[in-house]
Number of protein chains: 2
Amino acid sequence: MNPLSRLVFELSKLPGIGEKSATRLAYFILNQDGAYASGLAQALLDAKTKLRYCSQCFNFSEEESCEICIDTARDRALICVVERPSDVTPLEKTGSYRGVYHVLHGLLSPMDGVGPEDLRMKELFSRLKQADVSEVIFALNPSVEGEATTLYLSRLLKPVGIKVSQVAYGIPFGGTIEFTDRQTLGKALENRTEMQK
Amino acid sequence: MNPLSRLVFELSKLPGIGEKSATRLAYFILNQDGAYASGLAQALLDAKTKLRYCSQCFNFSEEESCEICIDTARDRALICVVERPSDVTPLEKTGSYRGVYHVLHGLLSPMDGVGPEDLRMKELFSRLKQADVSEVIFALNPSVEGEATTLYLSRLLKPVGIKVSQVAYGIPFGGTIEFTDRQTLGKALENRTEMQK
């Protein structure tokens, strides 16, 4: 395979990048000066070699513990449970969450053979034993697996006396009633909030 | 900048890749095994260091002359003029062209200060002098600059006695009269072909 085809081939393995897009990207890269290709190549290698999982929350981290976990300004009594590392950034961007996180690295899915032992659940329980946690907030994607995982963990946590909550699911900002799917609309009705006049 | 942000930053320089897509790609890469990141990194470096311009047609090539130019089965009397290296692949995919190419690396654009000396025009004329060329086919994008470049070169080539042609511009397959823009429809009318009954 020649270098151009090889680059197109490697780029087209990326999600959402078909052969046409990969070709367009490859030609773009060839048209930039050499610093761009080597900068991207270095970033790829560094990201893969320098990042590991935080020993506490299992988000990606350069160090043993991630920046959020070592930040003394964060409230350790509040743990937000997410499915994947990529869920942390959007939650951080809200600017309204000051607790810490716990990344499960998946959701319960008996159909796919994913059980509790395949997720970072044991590690969540150890954290709850070690630290004084007052509330666990579930922020899992609204799906059958997300709901099942939230329910499963909630049932284990509640008896221990920990407050368990779930982010609200409903009509997104910018969305319309007309084009909102049945499940979301059902959730939006179920979780309606009383007007404070 | 941490390795993850750096990778997102480098990826988001790619055309059509915003910060959100770049973040999605970065997490995808982090979830693959290390071989993927290093494979892509190597492909980037190789593409940029091993490829240069073919000394004849100015398409990308690993060698002094590209695979098309050294292919003895290709008809050297037929030169197809294109704007960019990325225009060669789709023309090759038609499977119906057996001539060679010439990449101009741009189009005439006085507004942007791009004149004949900024394009590979001199090199095209040298080729015409050296080899026995019977026809030059212009396959430039249908735009003001494309038309101007075709016209400019055509006026210089015709007096030399070389047949000059241009690919047909018209309604694309899968397109509809209703949604075809004015210029295309105008061209389609202008270039109408007589029915052979």
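For clarity, every value in this text was computed on a predicted model and none was experimentally measured.

**Quick look at the packing of helix 3 (residues 34–50) of chain A against helix 1 (residues 3–11) of chain B**
The packing of two helices is summarised by the inter-axis angle and the distance between the axes. In the contact formed by helix 3 of chain A and helix 1 of chain B, the axes pass within 8 Å of each other and the chain directions differ by 150 degrees. In terms of orientation, helix 3 of chain A and helix 1 of chain B fall into the roughly antiparallel class. At the point where helix 3 of chain A passes helix 1 of chain B, the crossing takes the left-handed sense. When helix 3 of chain A is examined against helix 1 of chain B, the residues A:Tyr36, A:Gly39, A:Leu40, A:Ala43, A:Leu44, A:Asp46, A:Ala47 and A:Lys50 are found in contact with a partner set consisting of B:Pro3, B:Arg6, B:Leu7, B:Glu10 and B:Leu11. For the contact of helix 3 of chain A with helix 1 of chain B, the class distribution of residues is 8 nonpolar, 1 polar and 4 charged.

**Structural notes on the packing of helix 3 of chain A against helix 2 (residues 19–31) of chain B**
For the pair helix 3 of chain A and helix 2 of chain B, the least separation of the axes is 9 Å and the interaxial angle reads 55 degrees. For the element pair helix 3 of chain A / helix 2 of chain B, the angle class is oblique. Where helix 3 of chain A crosses over helix 2 of chain B, the handedness of that crossing is right-handed. Across the interface between the two elements, A:Leu44, A:Ala47 and A:Lys48 of helix 3 of chain A pack against B:Ile29, B:Leu30 and B:Asn31 of helix 2 of chain B. Looking at side-chain class alone, the contact of helix 3 of chain A with helix 2 of chain B contains 4 nonpolar, 1 polar and 1 charged residues.

**Quick look at the sheet that holds strand 6 (residues 163–166) of chain A**
Strand pairing in a sheet is mediated by backbone hydrogen bonds. Such pairs are either parallel or antiparallel. All names here are of chain A. Read across the open sheet, the 4 strands follow the order 4-3-5-6; overall the sheet is parallel. The two strands at the open ends of the sheet, each matched to only one other strand, are strand 4 (99–103) and strand 6. The sheet shows a mean angle of 25 degrees between the axes of neighbouring strands, direction not considered. Pairing of strand 5 (residues 135–138) with strand 6, which is carried by 4 bridges, proceeds in the parallel orientation. Across the sheet, Phe-138 pairs through a bridge with Gln-166, a residue of strand 6. Packing of helix 6 (residues 121–130) onto the sheet brings it into contact with strand 3 (75–82), strand 4 and strand 5, and relative to strand 4 it is tilted by some 150 degrees. Relative to strand 5, helix 7 (residues 144–157) is tilted by about 170 degrees, and along the sheet it contacts strand 5 and strand 6.

**Some points on unusual backbone geometry**
The phi torsion of most residues other than glycine is negative, and most of the peptide bonds are trans. Residues and elements named next belong to chain A. A positive phi is found at Phe-58, a non-glycine position, where the angle reads about 70 degrees. Structurally, Phe-58 is set in the loop between strand 1 (52–53) and strand 2 (60–61). Judged by relative accessible area, Phe-58 falls into the buried class, the value being 9%. For His-105, which is not glycine, the phi dihedral falls at a positive 60 degrees.

**What about the sheet that holds strand 4 (residues 99–103) of chain B?**
Residue and element names in this part refer to chain B. Strand order in the open sheet formed by 4 strands is 4-3-5-6, and the pairing between neighbours is parallel. Taken across any chain shown, the strands that pair with only one partner, and hence form the sheet edges, are strand 4 and strand 6 (163–166). For this sheet the average axis-to-axis angle between neighbouring strands, irrespective of direction, equals 25 degrees. Sheet analysis places strand 3 (residues 75–82) next to strand 5 (residues 135–138), joined by 4 bridges and oriented parallel. By the bridge assignment for strand 5, Cys-80 is matched with Ile-137. This element, helix 6 (residues 121–130), spans strand 3, strand 4 and strand 5 of the sheet and lies at about 150 degrees to strand 4. Against the sheet, helix 7 (residues 144–157) touches strand 5 and strand 6, its axis set at about 170 degrees to strand 5.

**Examining the relation of the copies chain A and chain B**
Screw-axis analysis of chain A against chain B gives a translation of 0.1 Å along the axis, an RMSD of 0.1 Å, and a rotation angle of 180 degrees. Given the turn and translation reported, the copies of this chain are related as if by a two-fold rotation axis. Distance from the rotation axis, computed per C-alpha, reaches its smallest value in chain A at A:Ala41: 2.0 Å. When the interface residues of chain A are mapped onto chain B, 100% of them are again interface residues, pointing to one common binding face.

**Some words on the pattern of salt bridges**
Residues and elements named next belong to chain A. On inspection of all chains with the given rule, the structure shows 16 salt bridges over all chains. Residue Lys-13 is joined to Glu-10 by a salt bridge in which the shortest nitrogen-to-oxygen separation is 3.3 Å. Residue Lys-13 is classed as partly exposed on the basis of its relative accessible area of 38%. Between Arg-84 and Asp-87 there is a salt bridge, and its shortest N-O distance comes to 3.8 Å. A relative accessible area of 13% means that Asp-87 is categorised as buried. One salt-bridge network, in which partners are shared between bridges, spans Arg-6, Glu-10 and Lys-13.

**Looking at helix 2 of chain B**
Residues three or four positions apart in an α-helix share a direction because the helix packs 3.6 residues into each turn. Taking 1.5 Å per residue as the helical rise, helix 2 of chain B with its 13 residues ought to reach 18 Å, and the 18 Å between its terminal C-alpha atoms agrees with that figure. Among the residues making up helix 2 of chain B, those that are buried are B:Ala22, B:Thr23, B:Leu25, B:Ala26, B:Tyr27, B:Ile29 and B:Leu30. Here the buried face of helix 2 of chain B lies against helix 3, strand 2 and helix 5 (88–93) of chain A together with helix 1 and helix 3 (34–50) of chain B.

**Observations concerning the pairing of strand 3 of chain B**
Residue and element names in this part refer to chain B. Strand 3 sits mainly inside the fold: 6 of its 8 residues count as buried. As paired strands, strand 3 and strand 4 are joined by 5 bridges and run parallel to one another. Looking at the pairing, Val-82 lines up with Val-103 of strand 4. Regarding topology, helix 5 (residues 88–93) serves as the crossover connection from strand 3 to the parallel strand 4, and that connection is right-handed.

Scoring rules and cut-offs
- Residues numbered from 1 in each chain as written.
- Chains lettered and ligands numbered in written order.
- Predicted model: local features only at pLDDT ≥ 70, side-chain atom pairs only at ≥ 80, totals over all residues.
- Heavy atoms only, no water.
- Axes fitted to C-alpha atoms, helices over the stretch in contact; angles between N-to-C directions.
- Helix = DSSP H or I, 4+ residues; strand = E, 2+ residues; numbered from the N terminus.
- Parallel < 35°, antiparallel > 145°, perpendicular 65-115°, else oblique.
- Left-handed = near helix turned anticlockwise from the far one by under 90°.
- Contact = heavy atoms within 4.5 Å.
- Nonpolar A, V, L, I, M, F, W, Y, C, P; charged D, E, K, R; others polar.
- Pairing = 2+ DSSP bridges.
- Buried < 20%, exposed > 50% of the residue type's maximum accessible area, 1.4 Å probe, protein only.
- Least-squares fit on C-alpha atoms with pLDDT ≥ 70 in both.
- Salt bridge = Lys/Arg side-chain N within 4 Å of Asp/Glu carboxyl O.
- Expected span 1.5 Å × (residues − 1).
- Right-handed = clockwise from strand over helix to strand, strands pointing away.

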